[in-house]
Amino acid sequence: MRTIIEPFRIKVVEPIRMTTREQRERILDEAGYNVFLIHAENVLIDLLTDSGTGAMSSLQWSGIMRGDESYAGAKSWYVFRERIQELTGFEHILPTHQGRASERILFELVGGPGKVVPNNNHFDTTRANVEHTGAKAVDLVIEEGKHPTSRHPFKGNIDLEKLENLINEVGTEHIPLVMVTVTNNSGGGQPVSLENLRAVRKLCDRYGLPFFLDACRFAENAYFIKRREPGQRDRSVRAIVREMFELVDGATISAKKDGLVNIGGVLLLRDDALAQKADELLILTEGFVTYGGLAGRDLEAMAQGFEEVVDEDYLQYRIRATEYLGEKLLAAGIQIVEPPGGHAIYIDAKHFCPHIPPEQFPGQALVCGLYRHAGIRAVEIGSVMFGQGGNVPAMELVRLAIPRRVYTQSHLDYVVEATTEVFEQRDQLRGLEIASQPPALRHFTARFREL
Ligand SMILES: Cc1ncc(COP(=O)(O)O)c(C=O)c1O
């Protein structure tokens, strides 16, 4: 069959609310032109993030009822631990309340002033957690990963030459670990090849450095490897996932993505001494080692989610849905980061609004335009998110992130129609200036004025 269907049927529905253009104008103005500050009930199609916004399955909901809420040694913890061990091969498994809690624990232990952490592209919370310790976060994605129209199949790959140069430049004693983000969220949701991961492993071995994954979207990355990498087509996604984890010394995971849950995270570690210290920090700020920052029921839902996410029918539908949205936007003349990534489509805002210079935030202007026109909530990934402190991001992007198992094909068709209409009237989009901002992670709370 050519038609790829949603491999599930719908048992529970949640109404979404239409608003008028006049209402949305007022809502946008009251929110200081920052869609993070809009009440979610005033959003029709919410593509702000794919994180924690997915729909759980009937088996996950039944796991919620089975959850054992014992403080220590709960049955749900053992179910969860066994599932993660089976999937990843890791022995030290720490449950946290979400990805950034894993990052906070890890970098508190290995970061600090004078340290340098390379990554293909740090996600914003990863960068913030590295920098919070006084360490420096360095992005080393391959050159193709910075160009929206490059069709490289693995644009998330880290540049091995630049990585080796950095190691030689700063010295291994200043590099606590090398990290690679799969898929590369800040670089367009693009996958990293197994070949690249194997080569990073070799390089790390040569210099005696630990290698970690930011593995939020490990299953989507593994599916791309299966589809695109020579020699991988006949392997199961589960086998590819296992190899990805076997290559590394640890991983931070936000289970709000490929864990298919609304809250949860994991920190995986191989080193016994580091795991011991991490357990101590976990107890200090998250909770006892058999529940971390979660309830027993959350562990049950995560255990089931990590099982469902490696189902290849699910992954085929998931990746095709994103590709479908990307293909339709490209056909309408809208430049996106090509080829479409796993969890989101990234619109090139410089191309969409050539009349708005980066210092007037073209991505934010487009985000406001989409909300005003059709009640769609997207997010800017450009000068607002990464431009604080004089940093100049390589791309001005707007991300349309697709929650897992939530929207149907007609919802995506609506998004295509609305985005195309905004594109046809793009000269009406206006640049913005910042009215107020916090000292870090400004995209969450900054307020803007339209110019
Ligand atoms: C690549 C990546 N790393 C880390 C995180 C942080 O995870 P969380 O939001 O669960 O703290 C995210 C969240 O979007 C992410 O996409």
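Above this text you will find the structure in question.
Because the structure is predicted, anything quoted here is derived from the model rather than measured.

Caption draft 1: Spatial organisation of unusual backbone geometry. In this model, Val182 is joined to Thr183 through a cis peptide bond whose omega is -25°. Cis geometry marks the peptide bond from Glu338 to Pro339, where omega comes out at -15°.

Caption draft 2: Main features of the pairing of strand β7 (residues 250-254). Burial within β7 is extensive, with 5 of its 5 residues counted as buried. Where burial is concerned, the two faces of β7 agree: the one with Gly250, Thr252 and Ser254 and the one with Ala251 and Ile253 are both buried. Pairing analysis gives 3 bridges linking strand β6 (residues 211-214) to β7, with the strands arranged parallel. Bridged to Phe212 within β7 is Gly250. Note that β7 and strand β8 (residues 265-269) share 5 bridges and pair antiparallel. Directly across from Gly250, in β8, lies its bridge partner Leu269.

Caption draft 3: View of the site of the ligand. Around the ligand, the structure places 16 residues, and the nearest of them are Arg100, Asn185, Asp214, Ser254 and Lys257. Here an oxygen atom of the ligand sits 2.9 Å away from a polar atom, N or O, in the side chain of Gln98. With respect to the ligand, the backbone of Gly99 contributes an N or O atom lying 2.9 Å from an oxygen atom. In isolation the ligand has 390 Å² of accessible area, and contact with the protein removes 97% of it.

Caption draft 4: Structural context of the nonpolar core. Counting residues in each nonpolar core, the largest one holds 62 residues, and the members touching the most others are Phe80, Leu213, Phe218, Met244 and Phe306. Per-element tally for this core: the top contributor is helix α8 (residues 218-228), with 6 residues. Membership of the second largest hydrophobic core comes to 58 residues, among which are Tyr33, Ile45, Cys353 and Leu412.

Caption draft 5: Structural detail: the side chain of Lys257. Turning to its location among the elements, Lys257 is positioned in the loop between β7 and β8. Look at Lys257: it is buried, it has no salt bridge, and the nearest opposite charge is Asp50 at 6.0 Å. Within the local environment of Lys257, its side chain forms a polar contact with the side chain of Ser254, the two groups lying 3.0 Å apart.

Caption draft 6: View of the sheet that holds strand β11 (residues 379-381). Taken together, 3 strands build an open sheet; the order of strands is β9-β12-β11 and the sheet is antiparallel. Lying at the two open borders of the sheet, with one neighbouring strand each, are β9 (344-348) and β11. Strand-to-strand, the axes of this sheet are offset by a mean angle of 35°, without reference to chain direction. Relative to strand β12 (residues 397-401), β11 runs antiparallel, the two sharing 3 bridges. Note on β12: the bridge partner recorded for Val379 is Arg399. Strands in contact with helix α12 (residues 312-331) are β9 and β12; relative to β9, the strand with the most contacts, it is inclined by about 20°.

Caption draft 7: Quick look at the packing of aromatic side chains. As enumerated under the stated definition, the model contains 11 aromatic pairs in all. Taking 6.0 Å as the distance between ring centres and 25° as the angle between the ring planes, the aromatic pair formed by Tyr71 and Phe288 counts as stacked. Linking Tyr71 in the loop between α2 (58-66) and α3 (75-88) with Phe288 in the loop between α10 (272-285) and α11 (296-308), this pair joins segments that are 217 residues apart in sequence. In this structure an aromatic cluster arises from ring pairing among Phe8, Tyr314 and Tyr317. Directly above the ring of Phe90 sits Arg270, whose terminal nitrogen or CZ lies 4.0 Å from the centroid.

Caption draft 8: Focus on the sheet that holds strand β5 (residues 178-181). Taking strand neighbours across the sheet as the criterion, the 5 strands line up as β2-β8-β7-β6-β5 in an open arrangement whose pairing is mixed. Only two strands of the sheet have a single neighbouring strand rather than two, namely β2 (92-96) and β5. Averaged over neighbouring strand pairs, the angle between their axes works out to 15° when direction is ignored.

Caption draft 9: Looking closely at the layout of surface pockets. By volume, the largest pocket amounts to about 1,500 Å³. Along the walls of the largest pocket sit 42 residues, with Val12, Ala55, Met56, Arg405 and Val406 positioned nearest its centre. Every element with two or more residues in the lining of the largest pocket is listed here: α2 and α12. Ranked by residue count, the leading element in the lining of the largest pocket is α2, at 3 residues. Across the lining of the largest pocket, the residue classes break down as 22 nonpolar, 9 polar and 11 charged. Taken as a whole, the second largest pocket encloses approximately 740 Å³ of empty space. Every residue lining the second largest pocket is counted, 31 residues in all, and those nearest its centre are His122, Arg127, Asp139, Phe386 and Asn391.

Cut-off values and rules
- Residues numbered from 1 in each chain as written.
- Predicted model: local features only at pLDDT ≥ 70, side-chain atom pairs only at ≥ 80, totals over all residues.
- Heavy atoms only, no water.
- Buried < 20%, exposed > 50% of the residue type's maximum accessible area, 1.4 Å probe, protein only.
- Helix = DSSP H or I, 4+ residues; strand = E, 2+ residues; numbered from the N terminus.
- Pairing = 2+ DSSP bridges.
- Near = heavy atom within 4 Å.
- Polar contact = N/O pair within 3.5 Å; in protein donor to acceptor, adjacent residues only side chain to side chain.
- Areas by Shrake-Rupley, 256 points an atom, 1.4 Å probe, with all protein chains shown as cover.
- Core = buried A, V, L, I, M, F, W, Y, C linked by side-chain atoms within 4.5 Å.
- Lys, Arg positive; Asp, Glu negative; His and termini not counted.
- Salt bridge = Lys/Arg side-chain N within 4 Å of Asp/Glu carboxyl O.
- Axes fitted to C-alpha atoms, helices over the stretch in contact; angles between N-to-C directions.
- Contact = heavy atoms within 4.5 Å.
- Phe/Tyr/Trp six-rings, centres within 6.5 Å; stacked < 30°, edge-to-face > 60°.
- Lys NZ or Arg CZ within 6 Å of the ring centre and 35° of its normal.
- 1 Å grid on protein atoms, 1.4 Å probe; cavity = no way out; pocket = protein on both sides within 12 Å on 5 of 7 lines; lining within 4 Å.
- Points joined across faces, edges and corners; volume = space filled by probe spheres on them.
- Nonpolar A, V, L, I, M, F, W, Y, C, P; charged D, E, K, R; others polar.

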